[in-house]
Amino acid sequence: MIFPRFAIATIALCTFSACSSVPRIVKEYRIDVQQGNVLTQEMVSQLRPGLSRDQVRFILGTPVLMDMFHVNRWDYFYSLQKGRSGEVETRRFSVFFDADGKLVRVSGDVAPAQPTDTTVVSETRNREIDLGSLPADGSTVMPPPDERGFFGKMMESVGF
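Computed from a predicted structure; not experimentally measured.

Rules used throughout
- Positions within a chain are numbered from 1, following the residues in the order the chain's sequence is written.
- The model is predicted, so local features are restricted to residues of pLDDT at least 70 and side-chain atom pairs to those at 80 or more, both for listing and for counting; the totals for chains, interfaces and linings are taken over all residues.
- Side-chain numbers here rest on the full set of heavy atoms in the structure, without hydrogens or water.
- The salt bridge criterion pairs a side-chain nitrogen of Lys or Arg with a carboxyl oxygen of Asp or Glu, the two atoms within 4 Å.
- Three labels apply to residues, based on accessible area from a 1.4 Å probe with only protein chains included: buried if under 20% of the type maximum, exposed if over 50%, partly exposed otherwise in between.
- To define a nonpolar core, start from buried Ala, Val, Leu, Ile, Met, Phe, Trp, Tyr and Cys residues and group those joined through side-chain atoms within 4.5 Å.
- Only runs of H or I of at least four residues qualify as helices and only runs of E of at least two qualify as strands under DSSP, and these elements are numbered from the N terminus.
- By definition in these notes, contact holds between two residues if any of their heavy atoms fall within 4.5 Å.

What to know about the pattern of salt bridges
It is possible for side chains bearing opposite charge to pair when their charged atoms get close.
Right, so step 1: A complete count under the given rule lists four salt bridges for this structure.
Right, so step 2: We note a salt bridge from Asp 75 to Arg 73, for which the minimum N-O separation is 3.0 Å.
Right, so step 3: Judged by its relative accessible area of 24%, Arg 73 falls in the partly exposed class.
Right, so step 4: In this structure, the salt-bridge partner of Glu 89 is Arg 91, at a minimum N-O distance of 3.1 Å.
Right, so step 5: Glu 89 gets classed as partly exposed once you look at its relative accessible area, which sits at 28%.
Right, so step 6: The partly exposed category is assigned to Arg 91, whose relative accessible area is 33%.

Quick word on the nonpolar core
Right, so step 1: Counting 14 residues, the largest nonpolar core has Leu 47, Val 56, Leu 60, Tyr 76, Phe 93, Val 95 and Leu 103 as its most contacted members.
Right, so step 2: Among the elements of the structure, helix H2 (41-45), helix H3 (53-60), strand S3 (73-81) and strand S4 (88-97) are those that each provide at least two residues to this core.
Right, so step 3: Other than its neighbours up to four places away in sequence, Val 56 contacts Leu 47, Leu 51, Gly 61, Trp 74, Tyr 76, Val 95, Phe 97 and Leu 103.

Concerning the environment of Phe 93
Right, so step 1: Structurally, Phe 93 is set in strand S4.
Right, so step 2: A relative accessible area of 1% places Phe 93 in the buried class.
Right, so step 3: For the pair Phe 93 and Asp 75, spaced 18 residues apart in sequence, the C-alpha to C-alpha distance is 5.9 Å.

Re the side chain of Asn 37
Right, so step 1: You can see Asn 37 is positioned in the loop between strand S1 (33-36) and H2.
Right, so step 2: The contacts of Asn 37, once residues within four sequence positions are left out, are Leu 60, Thr 62, Pro 63, Val 64, Tyr 76, Phe 77 and Tyr 78.

Geometric values such as these leave the question of function open.
If you want it as C-alpha coordinates, here you go:
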(Lines give C-alpha, C1' and ligand atoms only; values in the text may rest on other atoms or scores of the structure.)
Protein backbone atom coordinates (compact mmCIF):
# COMPACT_ATOMS: atom_id res chain seq x y z
CA MET A 1 0.00 0.00 0.00
CA ILE A 2 2.91 2.33 0.68
CA PHE A 3 4.69 1.45 -2.54
CA PRO A 4 1.87 2.59 -4.92
CA ARG A 5 1.59 5.94 -3.08
CA PHE A 6 5.33 6.37 -3.23
CA ALA A 7 5.40 5.45 -6.93
CA ILE A 8 2.58 7.89 -7.79
CA ALA A 9 4.28 10.69 -5.82
CA THR A 10 7.61 9.97 -7.56
CA ILE A 11 6.02 9.93 -11.03
CA ALA A 12 4.15 13.19 -10.32
CA LEU A 13 7.32 14.83 -9.04
CA CYS A 14 9.31 13.73 -12.09
CA THR A 15 6.53 14.92 -14.43
CA PHE A 16 6.39 18.38 -12.85
CA SER A 17 10.17 18.73 -12.75
CA ALA A 18 10.43 17.80 -16.44
CA CYS A 19 8.54 20.92 -17.47
CA SER A 20 11.01 23.22 -19.17
CA SER A 21 9.03 26.40 -18.57
CA VAL A 22 6.98 27.28 -15.58
CA PRO A 23 4.38 29.97 -16.18
CA ARG A 24 5.10 33.13 -14.19
CA ILE A 25 1.97 34.25 -12.46
CA VAL A 26 3.55 37.14 -10.57
CA LYS A 27 6.12 39.23 -12.43
CA GLU A 28 8.47 41.64 -10.73
CA TYR A 29 8.40 45.32 -11.62
CA ARG A 30 11.38 46.63 -13.57
CA ILE A 31 12.01 50.31 -13.99
CA ASP A 32 12.95 52.14 -17.17
CA VAL A 33 16.62 53.14 -17.11
CA GLN A 34 17.58 56.41 -18.83
CA GLN A 35 21.19 57.38 -19.35
CA GLY A 36 22.79 60.33 -21.08
CA ASN A 37 21.32 63.56 -22.44
CA VAL A 38 17.66 63.71 -23.36
CA LEU A 39 17.52 65.70 -26.60
CA THR A 40 14.20 66.73 -28.06
CA GLN A 41 13.49 67.98 -31.55
CA GLU A 42 12.61 71.38 -30.08
CA MET A 43 16.07 71.68 -28.51
CA VAL A 44 17.87 70.72 -31.70
CA SER A 45 15.69 73.07 -33.75
CA GLN A 46 17.14 76.02 -31.81
CA LEU A 47 20.65 75.30 -33.11
CA ARG A 48 21.89 77.64 -35.81
CA PRO A 49 25.31 77.93 -37.47
CA GLY A 50 27.49 80.48 -35.73
CA LEU A 51 26.35 79.83 -32.16
CA SER A 52 29.12 79.84 -29.55
CA ARG A 53 30.02 76.85 -27.38
CA ASP A 54 28.30 78.42 -24.37
CA GLN A 55 25.09 78.94 -26.31
CA VAL A 56 25.10 75.33 -27.52
CA ARG A 57 25.77 74.13 -23.96
CA PHE A 58 22.84 76.27 -22.74
CA ILE A 59 20.49 74.77 -25.35
CA LEU A 60 21.56 71.10 -25.26
CA GLY A 61 23.20 70.77 -21.85
CA THR A 62 26.66 69.51 -20.98
CA PRO A 63 27.80 66.86 -23.47
CA VAL A 64 28.46 63.32 -22.34
CA LEU A 65 31.73 63.15 -24.25
CA MET A 66 34.25 65.91 -24.95
CA ASP A 67 37.17 64.10 -26.54
CA MET A 68 40.58 65.64 -25.97
CA PHE A 69 41.72 64.43 -29.40
CA HIS A 70 38.73 66.02 -31.14
CA VAL A 71 38.41 69.33 -29.33
CA ASN A 72 35.97 70.76 -31.86
CA ARG A 73 33.46 67.94 -31.46
CA TRP A 74 30.94 67.27 -28.71
CA ASP A 75 28.99 64.02 -28.52
CA TYR A 76 25.61 63.57 -26.88
CA PHE A 77 24.46 60.02 -26.19
CA TYR A 78 21.12 58.79 -24.88
CA SER A 79 19.90 55.31 -24.07
CA LEU A 80 16.62 54.08 -22.65
CA GLN A 81 16.20 50.50 -21.51
CA LYS A 82 12.56 49.67 -21.05
CA GLY A 83 12.02 47.60 -17.95
CA ARG A 84 8.97 45.71 -19.12
CA SER A 85 10.26 44.54 -22.51
CA GLY A 86 14.01 44.92 -22.05
CA GLU A 87 14.46 46.62 -25.44
CA VAL A 88 17.05 49.37 -25.64
CA GLU A 89 16.56 52.64 -27.53
CA THR A 90 19.72 54.61 -28.28
CA ARG A 91 20.37 58.00 -29.85
CA ARG A 92 23.59 59.70 -30.84
CA PHE A 93 24.08 63.36 -31.70
CA SER A 94 27.33 65.18 -32.50
CA VAL A 95 28.02 68.91 -32.63
CA PHE A 96 31.01 70.29 -34.57
CA PHE A 97 32.71 73.67 -34.04
CA ASP A 98 35.26 75.61 -36.07
CA ALA A 99 38.60 76.91 -34.74
CA ASP A 100 36.88 80.04 -33.35
CA GLY A 101 34.42 77.98 -31.29
CA LYS A 102 31.40 78.67 -33.52
CA LEU A 103 28.91 75.98 -34.47
CA VAL A 104 29.51 74.65 -37.98
CA ARG A 105 27.42 71.49 -38.35
CA VAL A 106 25.61 68.77 -36.48
CA SER A 107 25.00 65.10 -37.17
CA GLY A 108 23.10 62.32 -35.54
CA ASP A 109 19.70 60.76 -35.03
CA VAL A 110 17.85 64.00 -34.27
CA ALA A 111 17.58 66.37 -37.25
CA PRO A 112 18.21 70.13 -36.89
CA ALA A 113 15.93 72.79 -38.30
CA GLN A 114 16.57 73.81 -41.89
CA PRO A 115 17.16 77.48 -42.81
CA THR A 116 13.93 77.38 -44.83
CA ASP A 117 11.87 76.36 -41.77
CA THR A 118 9.67 79.15 -40.49
CA THR A 119 8.83 77.43 -37.22
CA VAL A 120 8.39 79.95 -34.44
CA VAL A 121 9.65 78.98 -31.01
CA SER A 122 6.91 79.30 -28.40
CA GLU A 123 6.67 82.54 -26.45
CA THR A 124 7.00 80.76 -23.10
CA ARG A 125 10.49 79.55 -23.96
CA ASN A 126 11.89 82.84 -25.29
CA ARG A 127 10.90 86.15 -23.77
CA GLU A 128 12.47 89.46 -24.63
CA ILE A 129 12.62 92.19 -22.03
CA ASP A 130 13.25 95.72 -23.23
CA LEU A 131 15.87 96.95 -20.76
CA GLY A 132 15.71 100.47 -22.22
CA SER A 133 12.19 100.97 -20.85
CA LEU A 134 13.33 100.53 -17.23
CA PRO A 135 13.95 103.73 -15.21
CA ALA A 136 17.62 104.74 -14.96
CA ASP A 137 17.49 105.40 -11.20
CA GLY A 138 16.49 101.79 -10.46
CA SER A 139 13.05 102.66 -9.07
CA THR A 140 10.26 100.44 -10.23
CA VAL A 141 6.51 100.82 -10.12
CA MET A 142 4.95 97.97 -8.23
CA PRO A 143 1.75 96.51 -9.65
CA PRO A 144 -1.40 96.91 -7.55
CA PRO A 145 -1.92 94.14 -4.98
CA ASP A 146 -4.15 91.31 -6.06
CA GLU A 147 -7.73 91.37 -4.87
CA ARG A 148 -8.37 88.94 -2.05
CA GLY A 149 -10.33 85.83 -2.84
CA PHE A 150 -13.21 84.27 -0.92
CA PHE A 151 -11.06 82.67 1.79
CA GLY A 152 -8.91 85.79 2.12
CA LYS A 153 -12.02 87.90 2.75
CA MET A 154 -13.31 85.33 5.27
CA MET A 155 -9.98 85.36 7.17
CA GLU A 156 -9.97 89.17 7.13
CA SER A 157 -13.49 89.30 8.56
CA VAL A 158 -12.43 86.94 11.39
CA GLY A 159 -9.41 89.10 12.15
CA PHE A 160 -6.49 87.34 10.49
